[in-house]
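# Reading the structure
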There are 2 protein chains.
Amino acid sequence: MCQLLGMNCNVPTDIVFSFTGFATRGGGTDIHNDGWGIAFFEGAGVRHFVDHEAAVASPIAQLIKRVPIKSTNVIAHIRKATQGHIALENCHPFVRELWGRYWVFAHNGDLKEFAPLLDGPYRPVGNTDSERAFCFILQQLRRQFGDVMPSCAALTGALRALVDQIAAHGTFNMMLSGGTALYAHCSTNLHYLVRQYPFAKALLSDDDLSVDFSQVTTPNDRVAIIVTEPLTTNERWTRFDAGDLMLFVDGLPVDLATL
Amino acid sequence: MCQLLGMNCNVPTDIVFSFTGFATRGGGTDIHNDGWGIAFFEGAGVRHFVDHEAAVASPIAQLIKRVPIKSTNVIAHIRKATQGHIALENCHPFVRELWGRYWVFAHNGDLKEFAPLLDGPYRPVGNTDSERAFCFILQQLRRQFGDVMPSCAALTGALRALVDQIAAHGTFNMMLSGGTALYAHCSTNLHYLVRQYPFAKALLSDDDLSVDFSQVTTPNDRVAIIVTEPLTTNERWTRFDAGDLMLFVDGLPVDLATL
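A brief structural summary. (Residues numbered from 1 in each chain as written. Chains lettered and ligands numbered in written order. Predicted model: local features only at pLDDT ≥ 70, side-chain atom pairs only at ≥ 80, totals over all residues.)

## Considerations on the sheet that holds strand 8 (residues 182-185) of chain B
All names here are of chain B. Read from one edge of the open sheet, 6 strands run 5-6-7-8-14-15, paired in antiparallel fashion. The open sheet has two free edges, formed respectively by strand 5 (94-98) and strand 15 (252-253), since each of these has just one partner strand. Both strand 8 and strand 14 (residues 245-249) contribute to a ladder of 4 bridges, which runs antiparallel. From the neighbouring strand, tyrosine 183 faces strand 14, where its bridge partner is leucine 247. The sheet contacts of helix 4 (residues 152-167) involve strand 6 (101-111), strand 7 (170-177), strand 8 and strand 14, and relative to strand 14 the element is tilted by about 140 degrees. (Pairing = 2+ DSSP bridges. Helix = DSSP H or I, 4+ residues; strand = E, 2+ residues; numbered from the N terminus. Contact = placed C-beta atoms within 7 Å. Axes fitted to C-alpha atoms, helices over the stretch in contact; angles between N-to-C directions.)

## A word on the packing of helix 2 (residues 59-66) of chain A against helix 2 (residues 59-66) of chain B
Closest axis-to-axis distance for the helix 2 of chain A/helix 2 of chain B pair is 11 Å, and the angle between their directions is 160 degrees. Classified by the angle between their axes, helix 2 of chain A and helix 2 of chain B sit roughly antiparallel to one another. As helix 2 of chain A packs across helix 2 of chain B, the resulting crossing turns out to be right-handed. Within the contact between the two elements, helix 2 of chain A uses Pro59, Ile60 and Leu63 of chain A and helix 2 of chain B uses Pro59, Ile60 and Leu63 of chain B. Tallied by class, the residues present in the contact of helix 2 of chain A with helix 2 of chain B amount to 6 nonpolar, no polar and no charged. (Parallel < 35°, antiparallel > 145°, perpendicular 65-115°, else oblique. Left-handed = near helix turned anticlockwise from the far one by under 90°. Nonpolar A, V, L, I, M, F, W, Y, C, P; charged D, E, K, R; others polar.)

## Here we look at the environment of alanine 161 of chain B
Looking at where alanine 161 of chain B falls in the secondary structure, it is placed in helix 4. Taking the C-alpha atoms as reference, alanine 161 of chain B lies 27 Å from valine 194 of chain B; in sequence the two are 33 residues apart.

## What to know about the relation of the copies chain A and chain B
Here the second copy of the chain follows from the first by a rotation about an axis and a shift along it. For these two chains of identical sequence, chain A goes onto chain B by a turn of 180 degrees and a shift of 0.0 Å along the axis, with RMSD 0.0 Å. Read as a symmetry element, the transformation amounts to a two-fold axis. Here 100% of the interface residues in chain A have copies in chain B that are interface residues too; the copies meet face to matching face. (Least-squares fit on C-alpha atoms with pLDDT ≥ 70 in both.)

The structure is reproduced here in structure tokens:
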């Protein structure tokens with residue numbers, strides 16, 4: 001199994017603090033040492049870093065912890081291989097283009113007997129169930145909506161159906177972003193919190209590090225952090241229910257009933 | 001205009017020496033300071049780094065110069081914006097998937113009135129002529145060959161026709177790789193050399209750096225370096241003729257007449 005970390009904000013924010021705790025689980029406080037990856041949206045562009053080294057040993061992970069890359073949508077992943085051997089092409093997150101924008105996807109879980117017909121333009125490069133699921137999602141979205149990105153409500157409805165179809169094959173905790181919003185689906189284990197004014201101090205559970213967010217934010221900043229297991233010991237994390245599909249926009253969960 | 005650097009080898013080799021000289025041109029010895037990027041194939045996977053900072057100032061470029069990432073196919077680019085504003089989504093190289101493998105593309109030049117009909121699955125995310133050309137190439141290859149990658153001879157023939165069609169619109173120096181071979185097309189300016197046994201010492205023209213390749217290679221290693229302007233002062237570089245499309249495999253140019 002693997003772990004997921006996502007961030008969705010209303011202003012570009014760096015993920016140094018959360019990634020530092022998260023990366024420690026990649027071979028340090030936990031066993032997820034079969035590679036890691038992170039993707040940052042920056043406008044329409046994506047910075048994509050993947051590595052088949054353990055995150056604790058990776059010089060690229062060191063760079064991510066040192067250089068504050070600001071982004072409104074970030075997805076990160078540390079891998080414990082279940083399906084697919086340890087190789088760069090099997091490291092999450094995966095990136096593909098649809099509707100003239102990049103889509104970033106990462107998955108935690110294990111899909112059994114999941115071999116959807118992939119006869120569209122998206123084919124897996126590696127051999128994970130996860131990349132197969134990502135290609136299937138994009139293929140079906142393109143088939144359903146053609147060449148133009150649909151409304152948020154229509155996209156969310158289509159994803160709801162696709163995610164249920166895939167999750168019938170096993171555990172499908174996943175995150176997906178096209179750069180403006182972040183979707184998160186929980187089969188078994190996912191938590192989130194929203195940091196906003198008044199900001200307070202946060203203490204990492206996996207590393208001897210704290211940050212006083214009131215010193216590094218403005219009153220208008222809002223940041224949602226979504227993660228497999230809570231990253232801090234002194235904040236209140238909300239656990240997803242099994243089957244929840246959540247949509248985060250501008251650092252807040254969106255009530256899907258209002259779409 | 002921009003500059004291109006490519007490497008194709010028979011065994012995974014790091015590009016630290018060549019990239020160090022090349023990156024110095026990104027705002028140091030030359031004016032290409034509107035971003036840079038590099039992509040390394042590692043098996044079927046790709047490490048992709050892009051940055052809209054000048055290469056000389058970028059902490060990610062520093063990492064590439066410091067950490068020897070080994071690869072058999074590398075494409076790098078430093079950008080002086082002509083079309084498309086300075087933004088991450090406009091930094092080369094671009095990466096897309098076709099036939100279940102990643103393709104990496106970078107372009108130096110300027111295409112006038114180049115607005116091909118893009119009605120397939122590849123749409124530009126940014127607004128450069130270059131990404132438009134890349135999407136067009138992949139669209140046409142997929143249209144011509146369907147879902148299965150053709151033979152090297154068929155692919156090369158198709159690329160020859162596509163490249164001529166695009167180059168009719170202006171300057172089209174470009175590099176393209178699907179991970180096993182590297183194509184390079186010259187409109188105006190491109191040079192290459194092959195380093196092989198007996199290896200010698202090389203002196204960078206843009207930086208106070210030399211390396212004695214005989215100390216860091218085995219007799220079987222072979223490396224082709226392709227670059228806009230020669231990187232070293234004491235090696236013999238071969239200049240491409242205008243219109244040349246070359247294919248490099250295992251560190252050697254392939255005679256296309258033999259395909």
